[in-house]
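Listed below are the residues making up each chain.
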Amino acid sequence: MTASPRRNLSASFIARVALMAALALIFSYIEAIIPYSPGVPGIKLGVANIVTVIALYRFGARDAFAVSIIRVVIAGLLFNGLFGMLYSLAGALISLTGMILLKKTDRFSVVGVSMAAGVLHNLGQLLVASALISDLRIFFYFPVLLFSGIAAGIVVGIVAATILRTLR
């Protein structure tokens, strides 16, 4: 008799991911109600990603993936709508993949990994937008999102690194 895939999920994993996803969702809600940059669409700090970065470094890729996907789907349903969720999901999957790969190299700091994730998140969103509107000219907006992704990634990375040092 083989164990079902559901039995591989321990109670501690479920509790840990649920708590971190709830915290990330609270950060997403706060970010949804606070306007950051009026007149500049698509730019947000991404404070919920602090939780994802901490999950990746403290518990591993599996936890970070679960936290990120749960947060994006629930926040999309509650705050962003279907298309907002689609953009966020693409950004989250691409940025999380990049974070996991960069972390595995052991060549980048938490801030460096987070900075790359900020840029990759914006790239993922532009890829979805380009596919939806069938126009590559949307990538003219990438330089703006590149700098905002770097800045947001640095802030998120510094906060996450500080929390990780405190947790150790």
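Residues numbered from 1 in each chain as written. Predicted model: local features only at pLDDT ≥ 70, side-chain atom pairs only at ≥ 80, totals over all residues. Heavy atoms only, no water.

1. Overview of the pattern of salt bridges
Then comes step 1: In the structure shown here, the tally under the stated rule is two salt bridges.
Then comes step 2: Linking aspartate 63 and arginine 16 is a salt bridge whose minimum nitrogen-to-oxygen distance equals 2.5 Å. A residue pair is termed long-range when its members are at least 10 positions apart, and aspartate 63 in helix α3 (residues 61-105) and arginine 16 in helix α1 (residues 11-33) qualify at 47 residues.
Then comes step 3: Judged by relative accessible area, which is 3%, aspartate 63 ranks as buried.
Then comes step 4: Arginine 137 is the partner of aspartate 135 in a salt bridge, and the nearest nitrogen-oxygen pair spans 2.8 Å.
Then comes step 5: Residue classification places arginine 137 among the exposed residues on the basis of a relative accessible area of 59%. (Salt bridge = Lys/Arg side-chain N within 4 Å of Asp/Glu carboxyl O. Helix = DSSP H or I, 4+ residues; strand = E, 2+ residues; numbered from the N terminus. Buried < 20%, exposed > 50% of the residue type's maximum accessible area, 1.4 Å probe, protein only.)

2. Some words on the environment of tyrosine 57
Then comes step 1: The residue tyrosine 57 is located in helix α2 (residues 49-58) in this model.
Then comes step 2: Each C-alpha atom of the pair tyrosine 57 and leucine 123 lies 23 Å from the other, and the pair is 66 residues apart in sequence.
Then comes step 3: Each residue touching tyrosine 57, except ones within four places of it in the same chain, is listed here: Lys103, Phe108, Ser109, Val110, Val113 and Leu164. (Contact = heavy atoms within 4.5 Å.)

3. Some details on the side chain of threonine 52
Then comes step 1: Turning to its location among the elements, threonine 52 is positioned in helix α2.
Then comes step 2: Judged by its relative accessible area of 3%, threonine 52 falls in the buried class.
Then comes step 3: Dropping the residues within four chain positions of it, threonine 52 is found in contact with Ala64, Val67, Ser68, Leu96 and Met99.

4. Points about the packing of aromatic side chains
Then comes step 1: Counting across every chain of the model gives one aromatic pair.
Then comes step 2: On the numbers, 5.4 Å between centres and 45 degrees between planes, the contact of tyrosine 29 with phenylalanine 79 is tilted. Highlighted residues: tyrosine 29 in helix α1 and phenylalanine 79 in helix α3, separated in sequence by 50 residues.
Then comes step 3: The partly exposed category is assigned to tyrosine 29, whose relative accessible area is 43%.
Then comes step 4: In this structure, arginine 16 is placed above the aromatic ring of phenylalanine 59, and the distance from its NZ or CZ to the ring centre is 4.7 Å.
Then comes step 5: The ring of phenylalanine 13 carries arginine 62 above its face, with NZ or CZ at 4.1 Å from the centroid. (Phe/Tyr/Trp six-rings, centres within 6.5 Å; stacked < 30°, edge-to-face > 60°. Lys NZ or Arg CZ within 6 Å of the ring centre and 35° of its normal.)

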